[in-house]
Amino acid sequence: MEWKQKYCVGIKQIDDQHKSLVDMITRLQEIANERDSITEMRNVIKDIVKYTKFHFSEEEKFMNKIGFPERVYHKDLHDGLIRQVIELLQGLKFGRQLSSIDLIDFLKDWLINHIIKEDIKIGNYYNHEYRQE
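Worth saying up front: this structure is predicted, and the values here are computed from it rather than measured.

1. A short note on the pattern of salt bridges
Pairing between side chains becomes possible if they bear opposite charge and their charged atoms approach one another. Following the criterion strictly, the structure yields seven salt bridges and no others. Residue E40 pairs with R27 through a salt bridge whose shortest N-O separation is 2.5 Å. Pair noted here: E40 is in helix α2 (residues 38-66) and R27 is in helix α1 (residues 12-34), with a separation of 13 residues, a long-range link. Here E40 falls in the partly exposed class, since its relative accessible area comes to 27%. We classify R27 as partly exposed; its relative accessible area is 31%. Note that D79 and K75 form a salt bridge whose closest N and O atoms lie 3.1 Å from each other. With D79 and K75 both in helix α3 (residues 71-93), this residue pair falls four residues apart, about one helical turn. On the basis of relative accessibility, which here comes to 34%, the residue K75 falls in the partly exposed class. If you follow the salt bridges from partner to partner, you end up with R27, E30 and E40 in one network.

The following block contains the structure:
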């Protein structure tokens, strides 16, 4: 996965965190392509979940700080992703089969779609509404 300029929301802190998530998903892809140990994949997935929770918390604090009008809806989206990923991990722990490609595709699609459809709204609000006050 490669960072693209179109993923920028115009808020440095959020963009930097998104770049870190892209880097982590890229690392997961590399491990899957190299057929490295399942243990290393699990560790990277756990790191992604942990960092995602941190990022969501920071993004939610920022939305509250600026009074972003869609913050409750946006938090619900965050909570939904965390639930989905935890369910996937629990399924893997109990023997459910999920290809690494499917997991990576899920994470990439969710992150990209979330950034370009939802997080961009935070950037637009911040740069065009909040900073104008």
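2. A few points about the packing of α1 against α2
A packed helix pair is summarised by two numbers, namely the angle formed by the two axes and the spacing between the axes. Direction vectors running N to C along α1 and α2 enclose 165°, while the axes themselves pass 10 Å from each other. Classed by the angle they form, the pair α1 and α2 counts as roughly antiparallel. Crossing geometry of α1 relative to α2 is assigned as left-handed.

Cut-offs and rules
Residues numbered from 1 in each chain as written. Predicted model: local features only at pLDDT ≥ 70, side-chain atom pairs only at ≥ 80, totals over all residues. Heavy atoms only, no water. Salt bridge = Lys/Arg side-chain N within 4 Å of Asp/Glu carboxyl O. Helix = DSSP H or I, 4+ residues; strand = E, 2+ residues; numbered from the N terminus. Buried < 20%, exposed > 50% of the residue type's maximum accessible area, 1.4 Å probe, protein only. Axes fitted to C-alpha atoms, helices over the stretch in contact; angles between N-to-C directions. Parallel < 35°, antiparallel > 145°, perpendicular 65-115°, else oblique. Left-handed = near helix turned anticlockwise from the far one by under 90°.

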